[in-house]
Amino acid sequence: MSLSLPTPPDYEGAHLRHVMTSAASALGLQGFENRLGLPAANITVVLMVDGLGDALLARYSGHARFIASAWRQASRASVLDVGVPTTTAASLASLGTGATPGEHGLVGYDVLAPELDRVVNMLGGWDAEVDPVQWQPHASVLQRAASAGASVLTASRPKFAESQLTQAVLSGGDFTGAARMDARFSRAAEWIAHQRPPKGAVRQGPAPKQLIYLYVDELDKTGHRYGVASPQWLQMLEMLDAEAERFTADLARRYGDQASVLLTADHGMVDIAPEHRIDFSAREDLLAGVRHTGGEPRLVQLYAQPDAEPGEIAAAWIEEFGDRAWVLTKTEACAAGWFGPVQERVAGRIGDVLVAAHSDMALFHTDRVGTGPLEMVGQHGSLTEAERRVPLVRLSGA
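First things first, this report covers the structure right here in the doc. Within each chain, residue numbers correspond to sequence positions counted from 1 in written order. A pLDDT threshold of at least 70 governs which residues receive local features in this predicted model, and a stricter bar of 80 or more applies before side-chain atom pairs are shown or counted, although totals over entire chains, interfaces and linings include all residues. Heavy atoms from the whole structure form the basis of all side-chain values; hydrogens and water molecules are not counted.

Okay, the environment of Ala-335 next. Position of Ala-335 among the secondary structure elements: in helix H14 (residues 330–335). Between the C-alpha atoms of Ala-335 and Pro-114, which are 221 residues apart in sequence, the distance is 21 Å. Only DSSP runs of H or I covering at least 4 residues are called helices, and only runs of E covering at least 2 are called strands; the numbering of each starts at the N terminus.

Here a cavity is any set of points on a 1 Å grid over the protein atoms alone where a 1.4 Å probe fits but cannot get out, and a pocket is any open set with protein on both sides within 12 Å along at least 5 of 7 lines; a residue lines the site when it has an atom within 4 Å of a point. Grid points are joined across faces, edges and corners, and a volume is the space filled by probe spheres set on the points. Applying the stated criterion to the full structure yields one cavity of 30 Å³ or more. Computed from the structure, the largest cavity encloses a volume of approximately 30 Å³. Around the largest cavity sit His-15, Leu-16, Val-82, Gly-83, Pro-85, Ala-90, Ser-91, Ser-94 and Pro-101, which together line it. Ranked by residue count, the leading element in the lining of the largest cavity is helix H4 (residues 88–97), at three residues. Here the residues of the lining of the largest cavity sort into five nonpolar, four polar and no charged. Note on residue categories: nonpolar means Ala, Val, Leu, Ile, Met, Phe, Trp, Tyr, Cys or Pro, charged means Asp, Glu, Lys or Arg, and polar means any other residue, Gly included.

This part covers the nonpolar core. By size, the foremost hydrophobic cluster in this structure holds 100 residues, and its most contacted members are Leu-52, Leu-240, Trp-338 and Leu-395. Residue contributions to this core peak at nine residues, all from helix H11 (residues 231–255). In plain words, nonpolar cores are sets of buried Ala, Val, Leu, Ile, Met, Phe, Trp, Tyr and Cys residues tied together by side-chain atoms within 4.5 Å. Burial here depends on accessible area, computed with a 1.4 Å probe over protein chains only, as a share of the maximum for the residue type. Under 20% is buried, over 50% is exposed, and the range in between is partly exposed.

Ring pairs are drawn from Phe, Tyr and Trp, using the six-membered ring of Trp, whenever the two centres fall within 6.5 Å, and their geometry is named by plane angle: stacked under 30 degrees, edge-to-face over 60, tilted for the rest. Scanning the entire structure with this criterion turns up six aromatic pairs. Geometrically, the ring pair formed by Phe-280 and Trp-317 is edge-to-face, given 5.1 Å between the ring centres and 80° between the ring planes. Here Trp-317 lies in helix H13 (residues 310–321) and Phe-280 lies in the loop between strand S10 (277–279) and helix H12 (284–287), a separation of 37 residues in the sequence. Ring geometry for Trp-317 and Phe-321: centres 5.7 Å apart, planes at 35°, overall tilted.

Any carboxyl oxygen of Asp or Glu within 4 Å of a side-chain nitrogen of Lys or Arg constitutes a salt bridge here. Taken as a whole, this structure holds 22 salt bridges when the rule is applied. Asp-182 is the salt-bridge partner of Arg-180, the closest N and O atoms lying 2.6 Å from each other. The exposure class of Asp-182 is partly exposed, given its relative accessible area of 23%. Measuring nitrogen to oxygen at the nearest pair gives 2.5 Å for the salt bridge that ties Glu-243 to Arg-246. Of this pair, Glu-243 and Arg-246 both sit in helix H11, three residues apart, roughly one helical turn. Overlapping salt bridges, with partners in common, bring together Glu-12, Arg-17, Glu-33 and Arg-35 in one network.

For the rest of this paragraph, the subject is the pairing of strand S5 (residues 151–156). Of all the six residues making up S5, six are buried; the element is thus mostly covered by neighbouring parts of the structure. Taking every second residue as pointing to the same face, both faces of S5 are buried, with Ser-151, Leu-153 and Ala-155 on one and Val-152, Thr-154 and Ser-156 on the other. Pairing geometry for S5 and strand S7 (residues 210–216), over five bridges, is parallel. Bridging from a neighbouring strand, Ser-151 pairs with Gln-210 of S7. Criterion used throughout: strands pair if DSSP finds at least two bridges between them. Judged from the four bridges that link them, S5 and strand S6 (residues 174–177) form a sheet pairing that is parallel. Each residue of the ladder has a partner; that of Ala-155, found in S6, is Thr-176.

Attention shifts here to the sheet that holds strand S2 (residues 77–81). If you walk across this open sheet you meet the seven strands as S2-S17-S8-S1-S7-S5-S6, and the pairing is mixed. Whereas interior strands pair on both sides, the edge strands pair on one side only; in this sheet they are S2 and S6. Within the sheet, the average angular offset between the axes of one strand and its neighbour, ignoring direction, is 20°. Sheet topology note: the strand S1 (residues 43–49)/S7 ladder contains seven bridges and is parallel. Each residue of the ladder has a partner; that of Val-46, found in S7, is Tyr-213. Two residues form a contact once any of their heavy atoms are found within 4.5 Å. An axis is simply a line fitted to the C-alpha atoms; with a helix, the fit covers only the stretch in contact. Between two such axes, the angle follows the N-to-C directions and lies from 0 to 180 degrees. Against the sheet, helix H1 (residues 19–26) touches S1, S2, S7, strand S8 (259–264) and strand S17 (389–394), its axis set at about 165° to S1.

Moving on, we get to the environment of Met-269. Along the polypeptide, Met-269 turns up in the loop between S8 and strand S9 (270–271). Met-269 sits 118 residues away from Glu-387 along the chain, and the two C-alpha atoms are 5.5 Å apart. Contacts of Met-269, omitting those with residues within four sequence positions, involve Gly-51, Leu-56, Asp-220, Gly-223, His-224, Val-228, Gly-378, Gln-379, His-380 and Ala-386.

Take the pairing of strand S3 (residues 110–113) next. Bridge count for S3 against strand S4 (residues 118–121) is four bridges, and the pairing is antiparallel. By the bridge assignment, Ala-113 is partnered in S4 with Arg-118. Where S3 folds back onto S4 in an antiparallel hairpin, the turn is made up of four residues, including Asp-117, whose phi is positive at roughly 55°.

On to the layout of surface pockets. Of the pockets and cavities examined, the largest pocket occupies roughly 920 Å³. For the largest pocket, the lining is made up of 41 residues, of which Tyr-109, Leu-123, Gly-124, Asp-220 and His-224 are closest to its centre. Contributions of two or more residues to the lining of the largest pocket are made by H4, S5, helix H8 (164–170), S7, helix H10 (218–226), strand S11 (290–296), strand S15 (362–364) and helix H16 (366–369). Of the residues contributing to the lining of the largest pocket, the split by class is 17 nonpolar, 16 polar and eight charged.

Here it is in structure tokens:
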């Protein structure tokens, strides 16, 4: 085992998996726990900004003045942990179900489906033979909130309306799609207004409790392509800030403190220089005994041949990368609490050996994934502070 292991995710404390359930509880819905102590509201918008780690918000707060003004107030902001790995599929699954990775089973970007003996994608390229509802059987928070009497909306890209990831962890309620960021904010505002008269207006019956999940992925896409230190990424951050300010001000004007807008993220991101993007495809010594590779470039998952010893595979990777990565066997990682409680149906999806980079490095198996991913500048997946800490900011509300 590598030395100086990171602390495991704080699944029982200030963690991303409690955001949606706490928001539902703050609406007064039965069956949910307000673990994060969110104030009561009648309208709650969970603004999920893909890739906006807390360290990035701190570093570039001058490009997000509206968001940063709330982030600097201790009464309105906190820092959350995310799960392992620090990747969109795993984090959105925890947000959407309230479960740990070891419970929901989306334990990486690419993971092994043991029953198929092949690696399958958990984000945008699900295998046709993988049923998302069977793969992840826990009811989503959105489904549960709708069953508890709330009006529920997802505002996201149109292509995600019926995606397998949505079916697995974010189904429930209405869906409105828009390709542009500003249109997603506008569609969400229109949906709220359609069901609820503005502050001071005469009402016919009680207004519904409303839970809105608003997804923004432009920062993540821009960071992967250009890096988080790029002018393009900073421009996108400024655009997000402007849209969040406009949207929040409109809700405050219409509904006052009834409306709460919560901003959070699924992971942070670090830029990796080209010379530190390492292709290990030709390394027979590192791939000896390995049947499949999966995971992410910052957290590689190695699946052993039936007759191979995971400890021997781990030893080879420790010898090569032990000063730049945490290398653990699955047994060690699970014992350390990396995935939270691990259900039996999930255990086989986790790599027999995990290689989590803690230095400026990303690892690629181009024989499996091709050379395209080598062009990605921004990366995430590991357990460094920059990748695992995300903000929770109350942009409006009481």
